[in-house]
Amino acid sequence: MEKPDLVSSLPSRVASLVHARFDGLPSRSKPTVRSDGTKEWIPMSGIVIVKGDYPLHCLLVWLFYPNENTSSEKLTCVAVTSGAKCLSASQVPNCKGLVLHDWHAEILALRAFNYWLLSECRSVLANERHQDHSDESTGPSISLTKSPYLRRRQQHPPEQSSSPQPPFELHPDITIYMYCTCAPCGDASMELCMAAQDDPTPWEINNPPNKDSNPQGQEQEQEPTLLDGRGHFSRLGIVRRKPARADADATLSKSCSDKLALRQISSLLSFETSLLVAPTESAYLAGVILPEKEISQAGCQRAFSEKGRLKDLTGRFWPLDDGEEEEPDSKRSGYQFRPFQVLSIPDEKYDSLWEFGKTQARIGSSEEVEVQEKRKPGIISVVWTAAPSTPISSPGVPAIVDTSVKSLPVLRGSKTGLYENIINGVKQGNKASAPLARGASALSRAKLWGSWREIVRVSYPEAVNEEGNASKQEGRLEALPVPTGIVEAATYREFKKTPAAETAAITARKLAIQEAKRVLGGWVSNADDAGWGLDVLVDPKKRKR
């Protein structure tokens, strides 16, 4: 009996698991054939958690139980997404937090992972609170509050900690992988884009003005410029915006390569999630898995590796608190450059799993030659996440789920936490031009902020009054993992930017991201969608007929 290659098989197992989840989705969530016969394509991504020493676990199972299937015992798919579009910059100010700016598959997967993690936090906190108020003989078992993914952090004594810390961290035996059917747009895929052109010659770019063009002989500061995702092939290692048709309105959404690169410093945790979960090593991507033909070694090394454009950040560390500076690297809770691996699956494996690629090989009818069948991008994106691992036992506390999830309770053995179809940044059947709460994706800014606020309300109801504002009467705000100013924030901008409410952990995240953007260079903020409050989640009354 031949010993299996367990390490190299992990990417294929991850890919198979993600594809199995996507295959189980209803046909309305997948690319289709248009009325003119044109087939659609779509990029797809998934987030898979590997628990424990996966190769060692599989080897032990193989040795002692050779007939057992180890393909899914230690792997959990928590998010599957698809998508290939984003909003133009001119549409962003009208979003009010209710419309997704960017729904490329990779970016939806990152947001879906944070949605799932917030749901996990809520379930654990709600069960802990219920257990605290239950009699030990009749209350739920302590196992109900245990999550295989989250655990309470060991907090430093007050004299060693200058400010509140996130209460949770991911278990240290967890590693997280992202699988993508396409190379991330932007810097990592520039060589692939060049090779796909009829004429791969780098495009000419206009030189910026110099002193000779200035009659006063004074230097002029140049505004950072986001280059188109597929243009200016002579410029490599730079921040790019999402690609779009030449006749489309420009977008300020940064490329997937750039956003993934930033996550190598800021971790997978969004701002909301980072208030509850500490950025330990387990909170960073361990690897991105791609089909072999979607990998440019030069592009990926330049975009993501410690020898690439982020090399100046190697060794930098932004601790959550001064008390953690002296701890070993393996136990540090803080932000640092953690490059992920770029792993591959064989093209034959990919072709057998995925029928919705951009091009599909087929045999020509007149000649026995292989040609590429071109397709058009699909307009429907899908979001699926797993349900929390710990069921909420506290009566009257609903899980964070979308109502449409009732139509998809179980998917290939996995309970569903969220299931949505997205068109133009909102749930299918709604208008992005006139956004309303009922059409907002659970991954939108407003809904994720609302979920975070709901976690605060469920976990510490004494600290939040009926209007959702912080209450100072009960004296419970000291127990919250966040300062009062963040709980009381009236707008999304205040929620993320309130200087008086910044803890050491929030400051560390802010400084790490600022430094990463400086090193990447030319990062133009897309900041015109932050002046709204959570009242946008209340739909206006329906008009009378």
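The residue numbering used here restarts from 1 in each chain and proceeds along that chain's sequence as written. Local features in this predicted model are restricted to residues whose pLDDT is 70 or higher, and side-chain atom pairs enter the listing and the counts only when it is 80 or higher, whereas totals over whole chains, interfaces and linings include all residues. To get the side-chain values, all heavy atoms of the structure are used, and hydrogens and water are removed first.

Trainee: Please explain helix H12 (residues 504-520) as it appears in this structure.
Mentor: The periodicity of an α-helix, 3.6 residues per turn, causes residues three or four positions apart to be oriented the same way. Only DSSP runs of H or I covering at least 4 residues are called helices, and only runs of E covering at least 2 are called strands; the numbering of each starts at the N terminus. Here, expected helix span is obtained from the residue count minus one, scaled by 1.5 Å. Its 17 residues give H12 an end-to-end C-alpha distance of 24 Å, which sits within 8% of 24 Å, the value for a rise of 1.5 Å per residue. Within H12, burial applies to Ala505, Ile506, Ala508, Arg509, Ala512, Ile513, Glu515, Ala516, Val519 and Leu520. Between two residues, a contact is recorded if the distance between any of their heavy atoms is within 4.5 Å. Packing partners of the buried residues in H12 comprise helix H5 (256-266), helix H6 (271-274), strand S8 (317-319), strand S9 (334-336) and helix H10 (484-487). In the stretch just after H12, glycine 521 is the one whose phi turns positive, near 80 degrees. Exposed residues in this analysis have more than 50% of their type's maximum accessible area, buried residues have under 20%, and partly exposed residues fall in between, with area computed by a 1.4 Å probe over protein chains only.

Trainee: What exactly am I supposed to notice about the pattern of salt bridges here?
Mentor: Opposite charge on two side chains makes pairing possible when the charged atoms of those side chains draw close. Here a salt bridge means any side-chain nitrogen of Lys or Arg lying within 4 Å of a carboxyl oxygen belonging to Asp or Glu. A full pass over the atoms with the stated rule returns 16 salt bridges. Aspartate 102 is the salt-bridge partner of lysine 242, the closest N and O atoms lying 2.6 Å from each other. Of the two residues, lysine 242 is situated in the loop between helix H4 (190-196) and H5 and aspartate 102 in the loop between strand S3 (75-82) and helix H3 (105-132); the sequence distance between them amounts to 140 residues. Look at lysine 242 and you get buried, because its relative accessible area is 1%. The residue lysine 293 makes a salt bridge to aspartate 351 at a minimum N-O spacing of 3.1 Å. Of the two residues, lysine 293 sits in the loop between strand S7 (285-291) and helix H7 (297-304) while aspartate 351 sits in helix H8 (residues 347-353), which places them 58 residues apart along the sequence. Taken together, the salt bridges that share partners define one network made up of Asp187, Glu191, Asp258, Arg302 and Arg309.

Trainee: How do you make sense of the packing of aromatic side chains when you look at a structure like this?
Mentor: For any pair of aromatic rings, the description consists of the separation of the ring centres together with the inter-plane angle of the planes. Centres within 6.5 Å make a pair out of two Phe, Tyr or Trp rings, where for Trp the six-membered ring is used; the pair is then stacked when the planes are under 30 degrees apart, edge-to-face when over 60, and tilted otherwise. Inspection of every chain in the model, using the stated rule, returns 13 aromatic pairs. When the ring of phenylalanine 22 is compared with that of phenylalanine 356, the centres are 6.2 Å apart and the planes differ by 65 degrees; the resulting orientation is edge-to-face. One end of the pair, phenylalanine 22, is in helix H1 (residues 6-23); the other, phenylalanine 356, is in the loop between H8 and strand S11 (359-363), and 334 residues separate them in sequence. By relative accessible area, which is 12% here, phenylalanine 356 ends up buried.

Trainee: Is there a simple way to think about the nonpolar core in this case?
Mentor: Looking at soluble globular proteins, one finds that nonpolar side chains tend to be buried together. We call a set of buried residues a nonpolar core when its members are Ala, Val, Leu, Ile, Met, Phe, Trp, Tyr or Cys and they connect through side-chain atoms within 4.5 Å of each other. Within the largest apolar cluster, 123 residues are counted, with the highest numbers of intra-cluster contacts made by Phe113, Ile176, Met178, Tyr179, Val277, Trp452 and Phe495. Considering every element that reaches this core, the biggest residue donor is H3, with 13 residues.

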